[in-house]
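The primary structure of each chain is shown beneath.
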Amino acid sequence: MASPFLSNTTISFSSSLSSSSLPRLVPSISSSPIRFKSTPRRILTVRSKIREIFMPALSSTMTEGKIVSWIKSEGDVLSKGESVVVVESDKADMDVETFYDGILAAIVVGEGETAPVGAAIGILAETEDEVAEAKAKAASKTGAATPSAPPATPSPAPAPPKPTPAPAAAPVAEGPRKTVATPYAKKLAKQHKVDIESVVGTGPFGRITPEDIEAAAGISPSKTNVGPAVVAEAKPAAPLKATAAAAAPSSLPPPVPGSTVVPFTTMQAAVSKNMVESLSVPTFRVGYPVTTDALDALYEKVKPKGVTMTALLAKATAMALVQHPVVNASINIAVAVAINGGLITPVLQDADKLDLYLLSQKWKELVEKARSKQLQPQEYSTGTFTLSNLGMFGVDRFDAILPPGQGAIMAVGASKPTVVADADGFFSVKNKMLVNVTADHRIIYGADLAAFLRTFSKIVENPESLTL
Amino acid sequence: MHSTLSFSQATTVPRSNYAFDSHSPAFALSKPINLRFCGLRREAFGFSYLTQSCSSRVRFSSRGHSKKISASTGTNGTPPKSFDYDLIIIGAGVGGHGAALHAVEKGLKTAIVEGDVVGGTCVNRGCVPSKALLAVSGRLRELQSEHHMKALGLQVSAAGYDRQGVADHANNLASKIRSNLTNSMKALGVDILTGFGTIWGPQKVKYGKVGFPDNIVTAKDIIIATGSIPFVPKGIEVDGKTVITSDHALKLEYVPDWIAIVGSGYIGLEFSDVYTALGSEVTFIEALDQLMPGFDPEIGKLAQRVLINPRKIDYHTGVFATKITPARDGKPVIIELTDAKTKEPKDTLEVDAALIATGRAPFTNGLGLDNINVVTQRGFVPVDERMRVIDANGNLVPHLYCIGDANGKMMLAHAASAQGISVVEQVTGRDHVLSHLSIPAACFTHPEISMVGLTEPQAREKGEKEGFEVSVAKTSFKANTKALAENEGEGLAKLLYRSDNGEILGVHIFGLHAADLIHEASNAIALGTRIQDIKFAVHAHPTLSEVLDELFKSAKVKAPASSSPVSEPVAV
């Protein structure tokens, strides 16, 4: 035993007077040498000095222990602090020592057998005279409950809701068929104290699967460890977790025969996760019609220089944002891009500080990187305001979901010729584009957004400043 | 190749033996030893051959064949000086390969006979492809361990695998190593003779492919290195689909939901690691009372706690799988268990698949050993400590050696190679006896298990017999910086040693990269380095090797360190 890190730690077991109705003393968490004392109880009138040796809880997760070996045998005289028995827990083997002097009158749980934490594993008599009595007691113990049996604690607390017995659904009765349960199902049954005989197996050949046990124990199925894994766990944000957890089981539809399940790609899983998270943000929406004739004219002019409408809009947004810092403190404009099998929002950092042409060039690079999946995290995760344009599809207006962590998202529809009446009552046809901003009402209020949109509209209607 | 084999056995061999016996009964009776390699024997052999080929000309219609025979009779007449080769190795597995490379280095003209594929079991159906599967299972298990990932601050979603992709990885690795092996031998000028090799007589090997004429080559020395095949106990029906051996499992054609693994040794344990990582549930069936027999009991116990108990594995110990029926007619695989002691039926299991990992049987059938009066023991070729083959009368067969799984001394690829090198040393004039105690063994589970030398019970037994005290030192991976950095602190290294003189008796490691760590100990044992000296060796910090460093330092040896090997200070 050269190293202090090894498993043979020494632990004293607790024991109490058997004749009194003392609460069992079970250590909750134990590390290296600890002694458990039943101190104040000493005062009680002691009718018999027969003590039970209990299975100690050697770790916080231990529910039962196996007797590796009895260091002492029946009839041995024990003195306080001596190692009596070696117990194997789920983690390690430990020597357990006695806290009392006495005689090991009887061994209730033999070597190699298992007993639940707190069960009597041996009987300690204080004097020779009591040995016989102790033995009788031990005999009754062993008779009452075979210690090797699984921890069938006498009080089967709130019994787990059994699956509504459906005998008709049970596999064709072939007389007394033996129960077949998979290794993991057996483990789970033990863990959740489910009587495996009472479970109807639904697996192949009527075998009991881990899912059957989980259903019987009334717990939601744990995620399958392999295969189509559902969305990653949400971050510790408390309310989110509940939503996500609630959403997870329901998102698994009953399998359709002949169908195949296509697992999410990492990107799809991430999108899914972010979308669910967005439900926790209180959002509101404000729409605004913008006349784009001037912008369209400008676009025609700058198009040959490689400027796209997205870049123009991004620049206009950036310039409007500068005037409305409440909507966005730093001008990092994310622009949603649909790519094969997903959606990503590359970020134009400090969009207000770049001129239109540089911005266009930068945008081009980002889109190329996005398509080849080579974006660096800071190139898609640092956005503070998102621009989403579906105008090229002819969509006239839509409503965007605010990505978590951002203040607002602007949904841009197509610019369409519209009949408008001006203040003087003259009708004319102008190109109108509907933009719709979704914002987080925790930080941005309606008036802020409306003011921002008015500024944006003015910039678009007088776009000369964009090229400056 | 099997057809050639039975053919040659059924017709040629008994006939020649018969002819030999009937023509020279006096020799056979009076001086059986000399007969095997003296000139007379050669004549007798050739003569019998002629008789045989004359008498059965009708059946042996191949002209090439008879030509060869006359050619070989021709050479038989010449003195044994003119061998075709200095050394012929039958079997191009890892053992044969190791021997061939060393033989070339020693200047021997070498040929290697292979009837199947170069690389043998290890490369094609053993250690190599299984390492590919284990590399996958290790990563997958790590990625799926939410707890472990979280502790490292990593977020991984939806770790999954593509079965065919995994299988291809294993297969590609095997082909790559196989071509490496082939090329290394070709580059060195080792002749690779394709065909099934048979001992045709003293210093003579016959080889040939099915449907082709046989060739006979002579060599000064011959090494048998034919290896082994999976052992399947009787009563078990292997169909290659639902009841399989490691040969099939390595192809990973199917990942069953529930697989029973018969045998909990290295092979079974490694496959349990693979299958559970890929999502299967596993049931071990072990004939002995303990899982993982053969490992040091303490290591076995710890390994069980880490590799078995928390995983989706259960087990039946002390039982034989006496009957296994593959899945068919809508029924699952049915396994009948019989109590190992009482021999009474105990239980019946219904599973989706069964992997038979009950060990390996030597592949020596049809090797023509009866031509030289060698009787195998349970299939193993009997050898002495120098790998020299022993015949039925307990005498050494000159110029014939057997290495690797075929002799059963230590059924490990690297042991075979070491034995081959030892043989080459002997035939090139340097006596060499291989110490098997210094050969390490490893099991590539996650974490790995490795060992060298004696287990604790063996060491104690030896200590009692030879009258020395066995001491034990242990260190934990929990105290190792690198292991903790990897968040893999689970593990133990154990040293068994003599406290009086510091001799290392055995080292057992369970923990991260244990298989790589063992070599410091195995080299120390091989070179006879004592603990009091090796404890002064310096290890880079922080590395896993410090686990062993600490292990040696924690040993309490009475003997003083020997004087430093570096006597003069060296400037750096």
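From a predicted model like this one, the values you see are computed outputs, not experimental measurements.

Scoring rules and cut-offs
Residues numbered from 1 in each chain as written. Chains lettered and ligands numbered in written order. Predicted model: local features only at pLDDT ≥ 70, side-chain atom pairs only at ≥ 80, totals over all residues. Heavy atoms only, no water. Helix = DSSP H or I, 4+ residues; strand = E, 2+ residues; numbered from the N terminus. Buried < 20%, exposed > 50% of the residue type's maximum accessible area, 1.4 Å probe, protein only. Contact = heavy atoms within 4.5 Å. Areas by Shrake-Rupley, 256 points an atom, 1.4 Å probe, with all protein chains shown as cover. UniProt positions renumbered as here; feature names shortened; annotations may be inferred. Core = buried A, V, L, I, M, F, W, Y, C linked by side-chain atoms within 4.5 Å. Arc of directions from axis to C-beta. Pairing = 2+ DSSP bridges. Axes fitted to C-alpha atoms, helices over the stretch in contact; angles between N-to-C directions. Phe/Tyr/Trp six-rings, centres within 6.5 Å; stacked < 30°, edge-to-face > 60°. Lys NZ or Arg CZ within 6 Å of the ring centre and 35° of its normal. pLDDT = per-residue confidence, 0-100. Salt bridge = Lys/Arg side-chain N within 4 Å of Asp/Glu carboxyl O. Left-handed = near helix turned anticlockwise from the far one by under 90°. Nonpolar A, V, L, I, M, F, W, Y, C, P; charged D, E, K, R; others polar.

### Comments concerning the overall build of chain A
Summing up its helical and strand segments, chain A has 9 helices and 18 strands in all. Looking at the 468 residues of chain A, the share that counts as buried comes to 40%. For chain A, the proportion of contacts with a sequence separation of at least 24, taken over those separated by at least 6, is 63%. Of the accessible surface of chain A, which amounts to about 24,700 Å², a share of 59% is contributed by carbon and sulfur atoms.

### With respect to the UniProt feature "binding site: NAD(+)" (unreviewed entry) in chain B
All names here are of chain B. Mapped onto this numbering, the UniProt entry gives "binding site: NAD(+)" (unreviewed entry) at Gly263, Ser264, Gly265, Tyr266, Ile267, Gly268, Leu269, Glu270, Glu286 and Gly359. Following the sequence through the fold, Gly265 ends up in the loop between strand 9 (258–262) and helix 12 (266–277). Judged by its relative accessible area of 23%, Gly265 falls in the partly exposed class.

### Brief notes about the nonpolar core
Leu312(A), Ile333(A), Leu348(A), Leu387(A), Met410(A), Val435(A) and Phe456(A) are the most contacted members of the largest nonpolar core, which has 49 residues in total. Take this core: its biggest share by element is 8 residues, from helix 7 (residues 309–323) of chain A. When sequence neighbours within four positions are dropped, the list of residues in contact with Met410(A) reads Thr317(A), Phe385(A), Thr386(A), Leu387(A), Ser388(A), Val435(A), Asn436(A), Val437(A), Leu453(A) and Phe456(A). Formed by 47 residues, the second largest nonpolar core is a distinct cluster that contains Tyr85(B), Leu369(B), Val381(B) and Val427(B).

### Considerations on helix 6 (residues 293–302) of chain A
What sets the pattern is the α-helix's 3.6 residues per turn: residues three or four places apart point alike. Residues and elements named next belong to chain A. The set of residues buried in helix 6 consists of Leu295, Leu298, Tyr299 and Val302. Within helix 6, the buried residues cover an arc of 105° as seen down the axis, which keeps them to one side. Among the exposed residues of helix 6, those oriented more than 90 degrees off its buried face are Glu300 and Lys301. Summarising the contacts, the buried residues of helix 6 are in contact with helix 7, helix 8 (356–371) and helix 9 (446–461).

### Thoughts on the sheet that holds strand 19 (residues 441–443) of chain B
Residues and elements named next belong to chain B. Spatially, 19-20-23-22-21 is the arrangement adopted by the 5 strands of the open sheet, whose pairing is antiparallel. Only two strands of the sheet have a single neighbouring strand rather than two, namely strand 19 and strand 21 (470–476). Within the sheet, the average angular offset between the axes of one strand and its neighbour, ignoring direction, is 10°. In this sheet, strand 22 (residues 492–498) lies alongside strand 21 in antiparallel orientation, the contact comprising 7 bridges. What sits directly across from Thr475, in strand 22, is Ala493.

### A short note on the packing of aromatic side chains
Within the structure shown, the criterion is met by 5 aromatic pairs over all chains. Three or more aromatic residues joined by ring pairs make a cluster, and in this case those are Phe385(A), Phe452(A) and Phe456(A). Its end group placed over the ring of Tyr100(A), Arg51(A) keeps NZ or CZ at 3.9 Å from the ring centre. Over the ring of Phe212(B) we find Lys209(B); its NZ or CZ atom is 5.8 Å from the centre of that ring.

### Topic: the confidence of the model for chain A
All names here are of chain A. Residues of chain A with pLDDT of at least 70 account for 71%, and the chain-wide mean is 73. pLDDT under 50 marks residues 1–46. Its contacts with residues more than four places away, or in other chains, come to 101 contacts. With pLDDT under 50 throughout, residues 143–175 is counted as low confidence; its partners more than four residues away or in other chains account for 20 contacts.

### Topic: the pattern of salt bridges
All names here are of chain B. All told, the structure shown has 29 salt bridges over all chains when counted by the stated rule. When the shortest N-O distance is used, the salt bridge between Arg328 and Glu237 registers 3.1 Å. Of this pair, Arg328 sits in the loop between strand 12 (319–325) and strand 13 (333–339) while Glu237 sits in the loop between strand 7 (228–230) and strand 8 (243–245), and the two are 91 residues apart along the sequence. The salt bridge partner of Lys494 is Asp296, with a shortest N-O separation of 2.7 Å. Highlighted residues: Lys494 in strand 22 and Asp296 in the loop between strand 10 (281–286) and helix 13 (297–308), separated in sequence by 198 residues. Judged on exposure class, the residue Lys494 and its partner Asp296 are both buried. What emerges from the salt-bridge pattern is a single network uniting Asp296, Glu298, Glu456, Arg460, Lys474 and Lys494.

### Quick notes on the environment of Thr342(B)
Turning to its location among the elements, Thr342(B) is positioned in the loop between strand 13 and strand 14 (345–351). For the pair Thr342(B) and Val319(B), spaced 23 residues apart in the sequence, the C-alpha separation amounts to 9.7 Å.

### So, the packing of helix 6 (residues 94–105) of chain B against helix 14 (residues 413–427) of chain B
Residues and elements named next belong to chain B. The interhelical angle for the contact between helix 6 and helix 14, taken along N-to-C directions, is 30°, at an axis separation of 7 Å. For the pair helix 6 and helix 14, the sense of crossing is right-handed. The segment helix 6 lies against helix 14, with Val94, Gly95, Gly98, Ala99, His102 and Ala103 engaging Ala413, Ala416, Ser417, Gly420, Ile421, Val424 and Glu425. Partitioned by chemical class, the residues of the contact of helix 6 with helix 14 number 7 nonpolar, 5 polar and 1 charged.

### Some points on the confidence of the model for chain B
Residue and element names in this part refer to chain B. Mean pLDDT for chain B: 85, with 84% of residues reaching 70 or above. Of all secondary-structure elements in chain B, the lowest mean pLDDT belongs to helix 3 (residues 32–35), at 36, while strand 9 reaches the highest, 97. This model gives residues 1–80 a pLDDT under 50, and the stretch forms 78 contacts once residues within four places in sequence are excluded. Confidence estimates for the predicted assembly give a pTM of 0.59 and an ipTM of 0.74.

### Observations concerning the sheet that holds strand 11 (residues 283–291) of chain A
Residues and elements named next belong to chain A. A sheet is described by the order of its strands in space; here 6 strands give the open sequence 11-18-17-16-12-15, paired in mixed fashion. Lying at the two open borders of the sheet, with one neighbouring strand each, are strand 11 and strand 15 (347–348). With 2 bridges joining them, strand 12 (residues 333–335) and strand 15 adopt antiparallel strand pairing. Within strand 15, the residue paired with Ile333 across the bridge is Leu348.

### Focus on the environment of Ile123(A)
Residues and elements named next belong to chain A. Summarising the element assignment, Ile123 is placed in strand 10 (residues 120–125). Judged by its relative accessible area of 0%, Ile123 is buried. A C-alpha to C-alpha distance of 9.8 Å links Ile123 and Gly102, two positions 21 residues apart in sequence. Excluding anything up to four places from it in sequence, Ile123 contacts Ile50, Arg51, Glu52, Ile103, Leu104, Ala105, Ala106, Val108, Ala134 and Ala138.

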